[in-house]
Each structure stands twice: as C-alpha cells, then as structure tokens.
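The lines below spell out each chain.
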Amino acid sequence: MKKNAPLIGFLSAIGVMAVAFAIYFLFLAKKNEYLVDNPTSNTYYFKINNGEENIITSGQHVKVELNRGEKNDIKVFDAQKKLLFDSAFKVTQYRGLLNITNSDYYVHRQFYGYVPNKDSLLVSQTFDLDGQKLPGHVTRHKKLYIEDFYYNVDEDYDKVIKNIDKLESRTKIYRKEDFKNFYKENYQ
C-alpha cells in the first residue's frame, strides 16, 4: 500500500485539534454554575423546583441545578423549618447566584487592555457604599436571583490576562464584606 501524504497530514491535523479541544474542556473551560449563597450567621433550608431539601449554613455556598431558559421556583425555610418565602424566577444566563438571605451583593467591573488614561474609566461612574460615594463601575443587588456577572463569589479574577490592544472587561460578584475588603486593597 502506498503512503498518502495528504491523508496522513489531514489525520494528524484532526488529531492535534482533538487534543487541543480535550485540553481546553478538561482544564481551561470555565464551569457554568449556579450557587445559593449564605453570607449571614443563620442556617437555612431550601427546595428548588420541588426537589430534595438542602441545608446551607453560615458563610456557605452550595452549587445547585437550575433550568436555564425556564421558570424555576424556590422555597426557603428558617432553622426551625418555618417557611420564609416561596418565589419564582427565570434563568437566562449560564451562571447565577440565588440570594435567599436578602443580603447586599456588589457586581464589580474590572477593565483590561491598553487604555491611554485608565484612571478616567474608574472615575467615570460612582456608587454608594454605606452612605459614601466612591468611584468605580459597581452595581449593588439585593434581589433573589442575580445573573449579570462573569465570576461567581467562589471565583477570583484571572491572574494572567493576555496582552490585548483593545478595552475589555469582566465582572465579578462579591458579598458585601468581601467587596469592602477587595475595594480597600485595590482602590484606596
């Protein structure tokens, strides 16, 4: 049988591409997750979509399954299993956070890339934190379901950013106290 160089090259290219995709999906791809978070000192029980009962203790976050593109419902109970509320929400994004404690969360926008005057981006908007006006692209949320962010409370911003020549940004959601610490360390 005669060697067919184009066929060998084609099969090699497909093999290299398969290995590259495998590395990406196994090690590099960002997981799409939904979390229930409890930044308070209380314990709560909850049921999502009439599923099994879950418990979340102080300072904990729990990964949950939600139906993307559909209506979801949640029932939240206190530590004595007394119903606190029963609510419905719609999931449209690939990651989100359920705020069953009615706590404050802050979504911070971090800018990347070459910008001649990067400080002007920081001061172009302000937000209120405990009655104090501060510069930054930050949104405060207190609603039940929050999904307008890229990094969840259990993730950090990327440590290494590729060298880009245009302006890009990513958003991360923080618990109130975690955000205060982050803002103090990075901007004050």
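Note: the structure precedes this text.
For clarity, every value in this text was computed on a predicted model and none was experimentally measured.

**Q** Can you break down the overall build of the protein chain residue by residue, with the values?
**A** A count of helices and strands for the protein chain gives three helices and 13 strands. For the protein chain, with 188 residues in total, the buried portion stands at 35%. Long-range pairs, those at least 24 residues apart, make up 64% of the contacts in the protein chain with a sequence separation of at least 6. A total accessible area of about 12200 Å² is found for the protein chain, and carbon and sulfur atoms account for 52% of it.

**Q** I'd like a description of the side chain of Asp 104, backed by residues and values.
**A** Tracing the backbone shows Asp 104 in the loop between strand 7 (96-99) and strand 8 (105-112). Take Asp 104: its relative accessible area is 14%, and that puts it in the buried class. A distance of 3.1 Å separates a polar atom in the side chain of Asp 104 from a polar atom in the side chain of Arg 140. Once residues lying within four places of it in the same chain are set aside, the contact partners of Asp 104 are Arg 140, His 141, Lys 142, Tyr 174, Arg 175 and Lys 176.

**Q** Break down the pairing of strand 10 (residues 132-135) for me, citing the residues and quoting the values.
**A** With four bridges joining them, strand 9 (residues 126-129) and strand 10 adopt antiparallel strand pairing. Across the sheet, the residue bridging to Asp 128 is Lys 133, located in strand 10. In this structure, the hairpin formed by strand 9 and strand 10 is closed by a connection of two residues, where Asp 130 is found at a positive phi of approximately 55°.

**Q** Lay out unusual backbone geometry in plain terms, naming residues and giving numbers.
**A** Only a minority of non-glycine residues have a phi that is not negative, and only a minority of peptide bonds are not trans. Although it is not a glycine, Asn 49 adopts a positive phi angle of roughly 50°. For Asn 49, the position within the fold is in the loop between strand 2 (44-48) and strand 3 (53-56). Taking relative accessible area as the criterion, Asn 49 reaches 25% and is therefore assigned partly exposed. In this model, Asn 102 sits at a positive phi of 60°, which is unusual for a non-glycine residue. For Asn 102, the location among the structural elements is in the loop between strand 7 and strand 8.

**Q** Please give an account of the pairing of strand 4 (residues 61-64) that cites residues and values.
**A** Burial of strand 4 is one-sided: the residues Val 62 and Val 64 facing one way are buried, the residues His 61 and Lys 63 facing the other way are not. Across four bridges, the pairing between strand 1 (residues 34-37) and strand 4 is antiparallel. Opposite Leu 35, over in strand 4, you have Lys 63 as the bridge partner.

**Q** Can you tell me about the nonpolar core, naming the residues and giving the values?
**A** Soluble globular proteins tend to pack their nonpolar side chains together in the buried interior. Phe 46, Val 64, Leu 66, Ile 74, Leu 98 and Ile 100 are the most contacted members of the largest nonpolar core, which has 17 residues in total. Those elements that place two or more of their residues in this core are strand 1, strand 2, strand 4 and strand 5 (71-77). Ranked by residue count, the leading element in this core is strand 2, at three residues. Sequence-distant contacts of Ile 74, defined by excluding residues within four places in its chain, comprise Phe 46, Lys 47, Ile 48, Phe 85, Asp 86, Ser 87, Phe 89, Leu 98, Ile 100 and Leu 144. Among the nonpolar cores identified, the runner-up in size contains 12 residues, and Phe 127, Leu 129, Tyr 151 and Tyr 183 belong to it.

Rules used in this analysis
Residues numbered from 1 in each chain as written. Predicted model: local features only at pLDDT ≥ 70, side-chain atom pairs only at ≥ 80, totals over all residues. Heavy atoms only, no water. Helix = DSSP H or I, 4+ residues; strand = E, 2+ residues; numbered from the N terminus. Buried < 20%, exposed > 50% of the residue type's maximum accessible area, 1.4 Å probe, protein only. Contact = heavy atoms within 4.5 Å. Areas by Shrake-Rupley, 256 points an atom, 1.4 Å probe, with all protein chains shown as cover. Polar contact = N/O pair within 3.5 Å; in protein donor to acceptor, adjacent residues only side chain to side chain. Pairing = 2+ DSSP bridges. Core = buried A, V, L, I, M, F, W, Y, C linked by side-chain atoms within 4.5 Å.

Everything listed here is a matter of coordinates, which is why it stays silent on function.
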